[in-house]
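Close look at the chain arrangement
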Amino acid sequence: VIGACCFSWLYVPHILIYTLNSKVRHLINSDLDVLSGQTTIRLPHTLAFLHQLHNNRYYRKLFYHRIGPAWSLLIGWYRSGDSSFLISPTTRIGKGFWFAHPYSTVLNAESIGDNFRCLHCTTIGSRKSGRPTIGNNVSIGCHACVLGKISIGNNVKIGAGSVIVKDIPDNCVVVGNPAKIVKQLTSDK
């Protein structure tokens, strides 16, 4: 945190966008709340924001996506995000995005709902038919692929290494290649 505060002058444009745009600030704060579980100390949003910007290149990538392509081109060139974590500029992402070392991850969906969780080497991509739509509270394990114009329901857990090319209903666990539903989740789980 001390290092982030010492270099806070690097992030003056970032801080201004965060401070002046309440819609962006709300989304960023929801991401910071989720990511705070990855650190051992609890920080106020402003300090957590500086800490993540300074120390987490994956978070910078998400921040630049949140503020839009025009702003990210203006301020993202001198403190860029990670080049192996790709988010399509047209993908809409809900609040509370959680990730753990999303190295070699591609997110190219029509939309991704709230409380989305993903690990490294995840691919969400298009086929000739179109791009996927992902619901709320979806978790995707590492090396999973979600491809084509399909719909992933709410409260879905996708196992590591799964390949999904068909619609998945709400409240279930899917695994395998090709992916199969192995468990229906009840509302109390």
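Structural data are supplied above this passage.
Given the structure is predicted, the values throughout are model-derived calculations rather than measurements.

What counts and what doesn't
For every chain, the first residue of the written sequence is number 1, and numbering continues from 1 along that sequence. For a predicted model such as this one, the threshold for reporting local features is a pLDDT of at least 70, and the threshold for listing and counting side-chain atom pairs is 80 or more; totals across whole chains, interfaces and linings nevertheless cover every residue. Hydrogens and water are ignored here; the side-chain numbers use all heavy atoms of the structure. One bridge is not enough; two strands pair if DSSP finds at least two bridges between them. Segments assigned H or I by DSSP are reported as helices when at least four residues long, segments assigned E as strands when at least two residues long, and all are numbered from the N terminus. Axis definition: a line fit to C-alpha positions, over the contact stretch in the case of helices; interaxial angles, taken between N-to-C directions, run 0 to 180 degrees. Under this scheme an angle from 65 to 115 degrees is roughly perpendicular, one under 35 degrees roughly parallel, and one over 145 degrees roughly antiparallel; angles in between are oblique. The contact rule is simple, with two residues in contact once any of their heavy atoms fall within 4.5 Å. Only Asp, Glu, Lys and Arg are considered charged in this grouping, and only Ala, Val, Leu, Ile, Met, Phe, Trp, Tyr, Cys and Pro are considered nonpolar; every other residue, Gly among them, is considered polar. What we call a nonpolar core is a set of buried Ala, Val, Leu, Ile, Met, Phe, Trp, Tyr and Cys residues that are connected through their side-chain atoms within 4.5 Å. Three labels apply to residues, based on accessible area from a 1.4 Å probe with only protein chains included: buried if under 20% of the type maximum, exposed if over 50%, partly exposed otherwise in between.

Section: the sheet that holds strand β15 (residues 180–184)
Pairing is mixed in the open sheet, where six strands are placed in the order β3-β6-β9-β12-β14-β15. Two strands close off the open sheet at either side, each with one partner strand: β3 (98–99) and β15.

Examining the sheet that holds strand β13 (residues 163–164)
One open sheet holds the five strands; their spatial order is β1-β4-β7-β10-β13, and the pairing between them is parallel. This sheet does not close on itself; its edge strands, each paired only once, are β1 (85–87) and β13.

Here's the deal with the packing of helix α3 (residues 22–35) against helix α4 (residues 45–55)
Axis separation between α3 and α4 bottoms out at 10 Å; the angle between their running directions is 80°. Between α3 and α4, the crossing angle belongs to the class labelled roughly perpendicular. On α4, the residues that touch Ile28, Asn29, Leu32, Asp33 and Leu35 of α3 are His45, Ala48, Phe49 and Gln52. Class assignment for the residues of the contact of α3 with α4 results in five nonpolar, three polar and one charged.

Observations regarding the nonpolar core
One finds Phe116, Ile152 and Ile158 to be the most contacted residues of the largest nonpolar core, which totals 46 residues. Broken down by element, this core gets its largest block of residues, six residues, from helix α5 (residues 57–67). Not counting residues within four places of it along the chain, the set of residues in contact with Phe116 comprises Gly96, Phe97, Trp98, Leu107, Ile124, Ile134, Val138 and Ile140.

Spatial relationships are all this shows, so hold off on functional conclusions.
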